[in-house]
Every structure is written in C-alpha cells, then in structure tokens.
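# Reading the structure
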Amino acid sequence: GRQQQHSFGSLSKVIFTANAESDVGTREGKVKSFGEHHGNLDLKLEKHPDQGGKGGGTNPEELFACGYAACFNGALRLLAVKNGIKIGNSSVKVSVSLGVESETVTAGVPLRLGLAAKIHAEIEGVDGPTAQKCADLAHEFCPYSRATRGNMDVEVVGTAK
C-alpha cells in the first residue's frame, strides 16, 4: 500500500499484530483470524435487520464494540492505578451505531456512512464524579479512543456501580 501523510504519531514499536480476513460474502459472509498466536476466531456474519438482513449473527459493528469495550476497560483499570484512584470491579458497555452522515459523494457513491459510539463505564467503590474522571482518563489513553478521536462521535459516561 502507499504511505499517506498524517497528523498522528506512528508506532515506534509494535507490541503485536492481530490479523483477520473477510471472504467475498462481506457483511453476510465469514470472518476469521489467522497468523501466529491467533484465537481461532471464525464467525458467520449477518446484516442487522435494520440494514435489510435477517439477523441472528454478528456484524462488524458488534465486533468493533467488543474490542473497544475490552480495550477501554483495560485502559480504565490501568489509569486508575497510575493515578492513585482505588476502584473496585468495573464493566464497560459500548454501543456502536452505523448510520448515514450525508449524501456527499464518497469514492463515487452519493452516500457517506459513519460510525458513532456510546461508552458506559460502571465502576464499583467510587462516587459518580470519580467514576466520570476514570472514564475520561481512559478515553484519553485507550488506543481505540485515540484512533477514533476526530473521526466519529464518541460519548463517554462513567457511573458509580
């Protein structure tokens, strides 16, 4: 591929690389992981009923939400420790929406689709303002949050559990 000009920091060290492949069925096909140390992920995708599909399977937005939730919770727990905030158990729910941004011509198609996310972190052992502070710190640090910043709307809410 060709290198593009960008305004973000490039990786100075790769920790690991995850690999996945989509077959010709795209949103109604199969995706699978591959490579060294992969988790044998092999899933049948189905379009969401609101997208004209039959449902009953996962979709790319669910997979993105799962990865974002796990990464965000890890960031939340790390940042709490690093900032001296004692927390109990935490859970993170991420909702990812696929929608129409505009009818701007994009790559020759008169439609621009986009994503939006809502993150809800529930944290035991803290009050509401501290839970929100932990969520805000995680949003600053989480690689998924950094990758999406400025590219999609992300709402972050932290609440005491």
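Refer to the structure printed above.
Presented here is an overview of the structure given in this document. For every chain, the first residue of the written sequence is number 1, and numbering continues from 1 along that sequence. Residue-level local features of this predicted model are given only where pLDDT is at least 70; pairs of side-chain atoms are given and counted only at 80 or more, and the full residue set underlies all totals for whole chains, interfaces and linings. Excluding hydrogens and water, the side-chain values take into account all heavy atoms of the structure.

### Describing the sheet that holds strand 1 (residues 19-22)
If DSSP finds at least two bridges between two strands, the strands pair. Working definition: helices are DSSP H or I runs of at least four residues, strands are E runs of at least two. Numbering for both runs from the N terminus. Across the sheet, which stays open at both edges, the 3 strands sit in the order 1-2-3 with antiparallel pairing between neighbours. Only two strands of the sheet have a single partner each, and these edge strands are strand 1 and strand 3 (42-44). Going from strand to strand, the sheet's axes swing by 15 degrees on average, the running direction of each strand aside. Pairing of strand 2 (residues 30-34) with strand 3 involves 3 bridges; the strand directions are antiparallel. Across the sheet, lysine 32 pairs through a bridge with aspartate 42, a residue of strand 3. Every angle, taken between N-to-C directions, lies between 0 and 180 degrees, and every axis is a line fitted to C-alpha atoms, over only the stretch in contact when it is a helix.

### Considering the packing of aromatic side chains
Stacked, tilted and edge-to-face are the three classes assigned to paired rings of Phe, Tyr and Trp, where Trp is represented by its six-membered ring and a pair needs centres within 6.5 Å; plane angles under 30 degrees give stacked, over 60 edge-to-face, the rest tilted. Counted under the stated rule, the structure contains 4 aromatic pairs. An aromatic cluster of at least three residues, connected via ring pairs, comprises Phe64, Tyr68, Phe72 and Tyr144.

### Side note on the pattern of salt bridges
Put simply, a salt bridge is a Lys or Arg side-chain nitrogen that is within 4 Å of an Asp or Glu carboxyl oxygen. If you walk through the whole model with that rule in mind, you get 4 salt bridges. Notably, a salt bridge pairs glutamate 46 with lysine 54, separated by 3.9 Å at the nearest N-O pair. Using a relative accessible area of 8% as the deciding quantity, one classes glutamate 46 as buried. Each of Lys44, Glu46 and Lys54 takes part in salt bridges that share partners, so that together they form one network. Whether a residue is buried, partly exposed or exposed follows from its accessible area with a 1.4 Å probe, protein chains only, as a fraction of its type maximum: under 20%, in between, or over 50%, in that order.

### Quick notes on the packing of helix 1 (residues 60-82) against helix 2 (residues 128-141)
The contact between helix 1 and helix 2 brings their axes to 8 Å, and the two run at 115 degrees. When the axis of helix 1 is compared with that of helix 2, the two are roughly perpendicular. By crossing handedness, the relation of helix 1 to helix 2 is classed as right-handed. Every residue of helix 2 that contacts helix 1 at Tyr68, Phe72, Ala75, Leu76, Leu78, Leu79 and Ala80 is listed here: Cys134, Ala135, Leu137, Ala138, His139 and Phe141. Under this grouping Gly is polar, as are all residues other than the nonpolar Ala, Val, Leu, Ile, Met, Phe, Trp, Tyr, Cys and Pro and the charged Asp, Glu, Lys and Arg. For the contact of helix 1 with helix 2, the class distribution of residues is 12 nonpolar, 1 polar and no charged. Each angle is binned into one of four classes, with values under 35 degrees roughly parallel, values over 145 roughly antiparallel, values of 65 to 115 roughly perpendicular, and all other values oblique. What makes a crossing left-handed is the near helix being turned counterclockwise from the far one by less than a right angle; a clockwise turn instead makes it right-handed. Residues count as neighbours in contact if any of their non-hydrogen atoms are within 4.5 Å of one another.

### Side note on helix 2
Count 3.6 residues to each turn of an α-helix, and residues three or four apart come out pointing the same way. Between the first and last C-alpha of helix 2 there are 20 Å, a value that for 14 residues agrees with the 20 Å anticipated at 1.5 Å per step. Listed in full, the buried residues belonging to helix 2 are Ala131, Cys134, Ala135, Leu137, Ala138 and His139. Lining the buried residues of helix 2 we find helix 1, strand 5 (112-123), helix 3 (143-148) and strand 6 (153-160). Helix span, as expected, comes to 1.5 Å for every residue beyond the first.

### A closer look at the sheet that holds strand 5
If you walk across this open sheet you meet the 3 strands as 4-5-6, and the pairing is mixed. Each having just a single partner strand, strand 4 (90-102) and strand 6 make up the two edges of the open sheet. Geometrically, the sheet is characterised by an average inter-axis angle of 15 degrees between neighbouring strands, direction not taken into account. Bridging between strand 4 and strand 5 involves 12 bridges; their strand directions are antiparallel. Residue valine 94 lies in a different strand from strand 5, and its bridge partner there is isoleucine 119. Running over the sheet, helix 2 touches strand 5 and strand 6 and is turned about 145 degrees from strand 6.

### Quick look at a nonpolar patch on the surface
Together, Leu98, Val100, Val109, Leu111, Leu113 and Leu115 give the surface a local cluster of nonpolar side chains, amounting to about 480 Å² of exposed area. One can find leucine 111 in the loop between strand 4 and strand 5. Taking the relative accessible area as the measure of exposure, leucine 111 reaches 35% and is therefore partly exposed. In this scheme, patches are assembled from residues that exceed 30% relative accessible area and form no salt bridge. Like charges are connected within 9 Å, while nonpolar side chains (Val, Leu, Ile, Met, Phe, Trp, Tyr) are connected within 5 Å. Here the Shrake-Rupley method, with its probe set to 1.4 Å, supplies the accessible areas, and only the displayed protein chains count as covering residues.

### Thoughts on helix 1
End to end, helix 1 covers 33 Å across 23 residues, agreeing with the expected 33 Å (1.5 Å per residue, within 8%). Taken together, the buried positions of helix 1 are occupied by Glu61, Ala65, Gly67, Tyr68, Ala69, Phe72, Asn73, Ala75, Leu76, Leu79 and Ala80. Definition of a polar contact: a pair of N or O atoms within 3.5 Å, with one able to donate and the other able to accept a hydrogen when the atoms are protein atoms, and with sequence-neighbouring residues admitted only if both atoms are side-chain atoms. By the N-cap criterion, in which a side-chain oxygen at the helix start approaches the backbone nitrogen of a residue two or three places on, helix 1 is capped by asparagine 59, the distance to glutamate 61 being 3.1 Å. The positive-phi residue at the C-terminal boundary of helix 1 is glycine 84, with phi of around 70 degrees.

This is a description of form; function is not addressed.
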